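Listed here are the chains, written in short residue letters.
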Amino acid sequence: PNNLASYLLIVLPLQVWVLVRGLRPWRATVLGVGLIAETAALMRTDTRIVWVTLIAVLLIILVLTGGRRVGVVGWLVLAGVMGVWGWQGWAATAGGLRLDPGRVEGWSIAWAMFRDAPMWGVGLGTYMHNYLGYPLLDGAWPRPQYAHNCYLQILAEGGLLGLGTFLALLSWVAATVVRSLWMRLGASDGLLPGLAAALAGLLVNVGFDTGLYSVPMASMFWFLLGLAAGMATRPQTANHWAHSPSG
């Protein structure tokens, strides 16, 4: 369920971006049906932090779009997501956003590992191998487990050097994408704005989940991160297809 929710957190914003940019009616209908089905699937995953992140991502997309027609469509999509979220029960959602003891334990152990080896970490891929050597909280959840915070787990395994390198790469891509979007403001630069919003949502989500430690999700993340960097650095003249109303 977590992997499916993380996958939909990327796919849904991209599809919404394509939809609001304008498609032929039959394509828009098919995509709209797909969005409804995927939203229902996301609801079944019961991963509430993804709902919060998805709403934030859709708000970013609304800012990146513009125009009365696009704004109305975007707000309708946002209202639909919030409606489904409310249908699950606001009390249950608020409860799901509180840190469970398993996450508290995972985060605490990751921080303890970092303190034991602050510069180089305890070794890549060894977080769970070392897990049981640290104090555990009361509870019967499966152990050892992931940290459920990819940044903390990278910090524990790779130390300041590992996390610093990872964040430096992300910062370079983010700066390149933001600069490209700013220079081409209003040009509806293909998939780049929607892709940037989706990646931003995933990077928030992995602060509460294990996405980067799943081979399928990590592969998808690195591929899309490279795609975003490539789109942001290509010459603007190569963007002639971005304005096609047929998508």
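Calculation criteria
Sequence order as written defines the numbering, with residues in each chain counted from 1. Two thresholds apply to this predicted model, a pLDDT of at least 70 for residue-level local features and 80 or more for giving and counting side-chain atom pairs, whereas whole-chain, interface and lining totals are computed over all residues. Side-chain calculation: all heavy atoms of the structure are included, whereas hydrogens and water are not. For every residue, the pLDDT score states the predictor's confidence, bounded by 0 at the bottom and 100 at the top. Under the scheme used here, helices are H or I runs from DSSP no shorter than 4 residues and strands are E runs no shorter than 2 residues, and both carry numbers assigned from the N terminus. The contact criterion used throughout is that any non-hydrogen atoms of two residues lie within 4.5 Å. Burial classes: relative accessible area under 20% of the type maximum marks a residue as buried, over 50% as exposed, and values in between as partly exposed (1.4 Å probe, protein chains only). Here a polar contact means two N or O atoms within 3.5 Å. Within protein one must be a hydrogen donor candidate and the other an acceptor candidate, and residues neighboring in sequence count only if both atoms are side-chain atoms.

Looking at the confidence of the model for the chain
In this model, the chain carries an average pLDDT of 82, and 79% of its residues clear a pLDDT of 70 or more. Of all the helices and strands in the chain, helix α5 (residues 90-97) carries the lowest mean pLDDT, 55, while helix α7 (residues 127-131) carries the highest, 95. In this model, residues 237-247 is a region of pLDDT below 50 whose contacts with residues beyond four sequence positions or in other chains number 21 contacts.

A few points about the side chain of Ser-6
Structurally, the position occupied by Ser-6 is in helix α1 (residues 2-21). Owing to a relative accessible area of 1%, Ser-6 belongs among the buried residues under this scheme. A polar atom in the side chain of Ser-6 sits 3.3 Å from the side chain of Asn-205. Ignoring any residue separated from it by four or fewer positions in sequence, one finds Ser-6 in contact with Leu-202, Asn-205 and Met-217.

Thoughts on the environment of Leu-31
Take Leu-31: it is sitting in helix α2 (residues 25-45). Look at Leu-31 and you get buried, because its relative accessible area is 15%. In this structure the C-alpha to C-alpha distance between Leu-31 and Val-18, which are 13 residues apart in sequence, comes to 9.0 Å. Apart from residues lying up to four places away in sequence, Leu-31 is in contact with Gln-15, Val-18, Leu-19 and Leu-23.

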